[in-house]
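Report on the structure
Here's the letter readout for the chains.
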Amino acid sequence: MPTARYMKYLILLLCCITAFASCDDDTKICDQDTRTFANLRFRYPNPNNNNIEKDTALPKVTVFALNKDSLIKKRVGITGLQLPLDLGNDTSRFYFQTDSARVADTLTFAYKRQPHFVSAGCGVVMYFNIDSAWSTNHIIKSVQLSVKNITTINETHIILHF
Amino acid sequence: MKRTLSSIFSACFLLLTIGAGAQDKKKDSVKPLVVEVPAGLRIGTDLTRIAMHFFQPYRTDATITLDARYKDRIFFASDISWNRTSHSDTSYTYKGNGLAIALGVNYNLLKRQVPKENFMLFGGMKYGFALFNYELPAYQVPGSYWGDYHGAVPSSSKTAHWIELSVGVKVEVLKHFYLGWSLHDRLLLTRKLSKGDYPPMVIPGYGKGNKGNVFDMQYTVSYLIPMYKVKQKMNL
């Protein structure tokens, strides 16, 4: 019976794959980006048509949390930001300056925190559930919350309109 | 005992030859032969659980496999497992231990059977249940800008249920002494455990606690304690 013979090898192969797959030490491997930063994007009204917005690059961005060291200092031409939120408090406030000559805005996030045990290799990460986000309106026109739950860095959570 | 066994075997062979002769004469009139073969409780252990400790030092597992022939092709089967998990590194410490039992049936798929040969190619289905507890005595979430977050999860008892499908073989290598291996697929029914905020690292008898579906294998060494006889059909 040739089919039975092939079957035998197939089962043997499957067996080997499972054996190797279950052998690696899970505590040594983390196969994902576990940073849970708030991902911001900058949008600007199209000068020709005010109903359409487009991505915009800001001239010289400086960002820091109030009373802390700067996160970004006079960074040129960025279209978005990844802001780490405070793991120990339910609010985070940031000083946000788009250009060195212009007035700065204050960005505020209010959220709930939920620690989450991702895997043996990645350990515990913090998930955030944003209740609200707002800012002063010197340069920023409005703050839009597009994804409330921050569980990964790979989504756009907040859109800043200028 | 030995005498009775050998006489059974010789009787079987006698029947076999008669049957074979009958088959030659007239195929349609052949009825399946029914012979009595010794059966009993087969007790074994899963060697992969012992090997696992060397690849995954945080896991210590032990599994006892039991099965007993009920009818011609049907075997009642059970796995009793124990697990202890302990891990500690810079980002978290974890402690857990517990017991599990899986109960079900194995069905022998081999068509042609000579009573003397105790080979088995089986498909099986089991229901698994685990009672265990675990804790994260300390963990930290790294935060390079705002500072780290420190937390702990106190010890709690949990139960888990799953359905297990398996295929495998068992071969008698010495009298009453069996070697076998099998593949297992386990589907967790207690999904809120794996989807929760703190899924257990290991569910005893199941595997990784953050997976709803787990693939596994066993390599068993077992011993048959003959206890009773089972009627076995023979298709010649």
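Coordinates for the structure precede this section.
Described below are features of the structure shown in this document. Here the structure is a predicted model, which is why all the values come from computation and not from measurement.

Considering the overall build of chain B
In terms of helices and strands, chain B carries three helices and 10 strands. Secondary structure elements of chain B occur, N-terminal to C-terminal, as α-β-α-β-β-β-β-β-β-α-β-β-β. In chain B, buried positions account for 30% of the 236 residues. Counting only contacts in chain B whose residues sit at least 6 apart along the sequence, the fraction spanning at least 24 positions is 62%.

Re the overall build of chain A
Counting its regular elements, chain A contains one helix and 11 strands. Written out in order from the N terminus, the α and β elements of chain A read α-β-β-β-β-β-β-β-β-β-β-β. For 162 residues, the compact-globule formula gives about 15 Å, and the C-alpha radius of gyration of chain A, at 23 Å, lies well above that figure. Oriented by its inertia axes, the alpha-carbon framework of chain A measures out at about 80 × 40 × 30 Å. Considering chain A as a whole, with its 162 residues, one finds that 24% of them fall into the buried category. If you take every contact in chain A between residues at least 6 apart in sequence, the share linking residues at least 24 apart comes to 48%.

Quick word on the sheet that holds strand β5 (residues 120–141) of chain B
Residue and element names in this part refer to chain B. Strand order in this closed barrel of eight strands is β1-β2-β3-β4-β5-β6-β7-β10, and the pairing throughout is antiparallel. Pairs of neighbouring strands in the sheet enclose a mean axial angle of 25°, with direction left out of account. Across five bridges, the pairing between strand β1 (residues 33–46) and strand β2 (residues 59–69) is antiparallel. Paired with R42 across the strands is D67, a residue of β2. Across the face of the sheet, helix α2 (residues 47–55) comes into contact with β1, β2 and β10 (213–234) while running at roughly 175° to β2.

Topic: the pairing of strand β6 (residues 91–97) of chain A
Residues and elements named next belong to chain A. When strand β3 (residues 58–65) meets β6, the two strands line up antiparallel, connected through four bridges. Across the sheet, residue V63 finds its bridge partner in β6, namely F96. The pairing of β6 with strand β7 (residues 105–119) spans six bridges and is classified as antiparallel. In the sheet register, F96 faces β7, and the bridge partner there is D105.

Points about the sheet that holds β6(A)
Sheet architecture is open: six strands sit in the order β4-β3-β6-β7-β8-β10 (chain A), paired in antiparallel fashion. A single partner strand is all that each edge strand has here, and the edge strands are β4 (70–78) and β10 (149–150) of chain A.

A few points about the nonpolar core
Grouped together as the largest cluster of nonpolar side chains are 43 residues, with contacts concentrated most on A:A38, B:A160 and B:Y206. Setting aside anything within four residues of it in sequence, one finds A:A38 in contact with A:L83, A:L85, A:F109, A:I150, A:H157 and A:I158.

Some remarks on unusual backbone geometry
Backbone geometry places A:K74, a non-glycine residue, at a positive phi of 50°. Along the polypeptide, A:K74 turns up in strand β4. A positive phi is found at B:H176, a non-glycine position, where the angle reads about 70°. Its location among the elements puts B:H176 in the loop between β6 (149–174) and β7 (177–188).

Quick look at the interface of chain B and chain A
Contacts between the two partners involve 26 residues from chain B, matched on the other side by 24 residues from chain A. Secondary structure elements with two or more residues in the side of chain B that touches chain A: β5, β6, β7 and β10 of chain B. Residue composition of the side of chain B that touches chain A, grouped by class: 16 nonpolar, seven polar and three charged.

Quick word on the environment of A:R93
Tracing the backbone shows A:R93 in strand β6. Spatially, the C-alpha atoms of A:R93 and A:D26 are 37 Å apart, while their sequence positions differ by 67 residues.

Rules and cut-offs
- Residues numbered from 1 in each chain as written.
- Chains lettered and ligands numbered in written order.
- Predicted model: local features only at pLDDT ≥ 70, side-chain atom pairs only at ≥ 80, totals over all residues.
- Helix = DSSP H or I, 4+ residues; strand = E, 2+ residues; numbered from the N terminus.
- Buried ≥ 20, exposed ≤ 12 C-beta atoms within 10 Å, placed from the backbone.
- Contact = placed C-beta atoms within 7 Å.
- Rg over C-alpha atoms; globule rule 2.2 N^0.38 Å.
- Pairing = 2+ DSSP bridges.
- Axes fitted to C-alpha atoms, helices over the stretch in contact; angles between N-to-C directions.
- Core = buried A, V, L, I, M, F, W, Y, C linked by C-beta atoms within 7 Å.
- Nonpolar A, V, L, I, M, F, W, Y, C, P; charged D, E, K, R; others polar.

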